[in-house]
Structure formats: C-alpha cells, structure tokens
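Structural overview for review
One letter stands for each residue in the lines below.
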Amino acid sequence: MTIQIHGDLGSGSFRRVATAAKIMGVDIEHINVDLFKGESHTPAFLKLNPHGLTPVLQDGDTIIWEASAINIYLAEKAGSALLGKSANDRYQVLQWMFWSGEQWRVFATLLFNERVAGRVMGQAEDPSIVNLLLKNMRAAASVLDAHLASRRFIVGDELTLADIDIAAPFSQVFRTKAPFVEFPNLWAWQERLLETVPAWADTRRDLDDRMDTFLSANGVTF
Ligand SMILES: N[C@@H](CCC(=O)N[C@@H](CS)C(=O)NCC(=O)O)C(=O)O
C-alpha cells in the first residue's frame, strides 16, 4: 500500500516531507488538503490530526503528524543516511531538528501568519508581534550563521533531515521578508542547497506556483 501524505503544496511543512521522500526514493501519494479553504479543519481531517495541521502521514493503520516525525519514520523505513551516518551524527541531527521546531520555525510560522495569511484576510500586521518575532529570528540566525561559517551542512558532510528542517522557513522568505539575507553564511548555505539538492529546488517551484496562483487570484502581491 502506498504511503499517503496529506498536505498542501504551498506549505513549507509539506515541502519538508515531499523533499525528503524524493531524496530517499520513497513513493508517496499526495492527498491534497487545501489550507486556504480550511480543509484541515473538517471533521474527517480532525480525525487524522485533531490540531487541524498538515502534513499527516497515513501508512495503513499508522497515522503520524509533525513533519519531522514523518521524515524520521520515512528515513527509518528507507534505511536512509538522511538521519545521520553515525550514532553521534544521528543525535546531532535530532538535536538540530528539535531546536528547529522550538526555536526557529515557530517564529517563521508566526511571521507568515502576520505578514501573509493576515494580508489575505485583509488584516494589517501587528508591529509589536512582528518586532518580537524578528528579534528572536535574528538571535537564532546569528548562531546558525556562525555554525555554517565553516560547514557545508548542519551536521557532518552530507545533507540530513536537520538541513531540511532548518531550511524550511526559506520557503516563504520572499513573502514573509524574514531577515535571513542579513546572515551571509546562512544565505549561502540555502543557495547551495537549492543548487545541489534537486528535490529542494523542485519542491520550491511547486510551493511558489501554488502560493503565487492563490495570492494573485486574491489580488495580493509581494
Ligand atoms: N509543527 C508542524 C507544523 C504544521 C503546520 O503549521 N502546518 C500548517 C501548514 S505549514 C497547516 O497545516 N496549517 C493549517 C491551519 O493552520 O489551518 C509540523 O512541522 O508539521
């Protein structure tokens, strides 16, 4: 039975899973959930994830939400080095993935809500919220920038799930105007990923197409 991933092509979280699956050669069936139509809040979807969030994996009786957990599940199934080549690398990968969820992506998601979702709904951004988010993002980005000064990847010498998790906020950077361009090593790392990881470039194209089509249909431009 094919593994199903429920999600929206315009979502950076879905992109993390779509990218990892492509790299690992794991066949997935994309079940579209139109987030702009609120399809992650229907009674049927809430049975999969009561938080009303995507992506969700369905593999027979196994249901997993949270893109990082889904990627670990897929990587273990595929025996992939995306989880790290050694035991030590694996813990480092997990460390950065957990950090990414708590200290990094969360601010990017809230910035997206303020600057993109809010605009679609005709709401002005709240400067006090945006300033708090930018302050936290800059603090985290400066640590990443120093970390990446002498490294090509977040852990070890190859791409891992840590890179995919930490790169996710770049998915919406031209819409959120997250201040990553102020951090040259971080920016160069992201450009390198786009140039050297075809799946990362492919999924960005899908995401941008989806976002641009929706936003222009709703008269929103960035
Ligand atoms: N921590 C979750 C974040 C999931 C998340 O925020 N998903 C967004 C799309 S990127 C979503 O489904 N939003 C729907 C909604 O808020 O209604 C993960 O990593 O999977």
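These figures come from a predicted structure and were not determined experimentally.

Quick look at helix 1 (residues 12-24)
Look at helix 1: 18 Å from first C-alpha to last across 13 residues, which is about the 18 Å you get at 1.5 Å a residue. Extensive coverage of helix 1 is indicated by the burial of 10 of its 13 residues. Listing the buried residues of helix 1 in full gives Gly12, Phe14, Arg15, Arg16, Val17, Ala18, Thr19, Ala20, Ala21 and Met24. In this structure Ser11 caps helix 1, since a side-chain oxygen of it lies 3.1 Å from the backbone nitrogen of Ser13. Taken from the residues just after helix 1, Gly25 is the one with a positive phi, measuring 70°.

A few points about the pairing of strand 2 (residues 28-32)
In this structure, strand 1 (residues 3-7) lies alongside strand 2, joined through 5 bridges in parallel fashion. Counterpart to Ile3 in the pairing with strand 2 is Ile28. Between the parallel elements strand 1 and strand 2, the chain passes through helix 1 in a crossover that is right-handed.

Here's the deal with the site of the ligand
Neighbouring the ligand are 13 residues; Arg16, His41, Thr54, Glu66 and Ala67 lie closest to it. Arg16 places a polar side-chain atom, nitrogen or oxygen, 3.0 Å from an oxygen atom of the ligand. In this structure, Glu66 approaches the ligand through a side-chain N or O atom, which is 2.8 Å from a nitrogen atom. In isolation the ligand exposes 520 Å². Once the protein is present, 73% of that is buried. Judged by the proximity of its atoms to the pocket grid, the ligand belongs to the largest pocket. Partitioning the shell around the ligand into residue classes produces 4 nonpolar, 6 polar and 3 charged.

Criteria and cut-off values
Residues numbered from 1 in each chain as written. Predicted model: local features only at pLDDT ≥ 70, side-chain atom pairs only at ≥ 80, totals over all residues. Heavy atoms only, no water. Helix = DSSP H or I, 4+ residues; strand = E, 2+ residues; numbered from the N terminus. Expected span 1.5 Å × (residues − 1). Buried < 20%, exposed > 50% of the residue type's maximum accessible area, 1.4 Å probe, protein only. Polar contact = N/O pair within 3.5 Å; in protein donor to acceptor, adjacent residues only side chain to side chain. Pairing = 2+ DSSP bridges. Right-handed = clockwise from strand over helix to strand, strands pointing away. Near = heavy atom within 4 Å. Areas by Shrake-Rupley, 256 points an atom, 1.4 Å probe, with all protein chains shown as cover. 1 Å grid on protein atoms, 1.4 Å probe; cavity = no way out; pocket = protein on both sides within 12 Å on 5 of 7 lines; lining within 4 Å. Sits in = over half its atoms within 2 Å of the grid points. Nonpolar A, V, L, I, M, F, W, Y, C, P; charged D, E, K, R; others polar.

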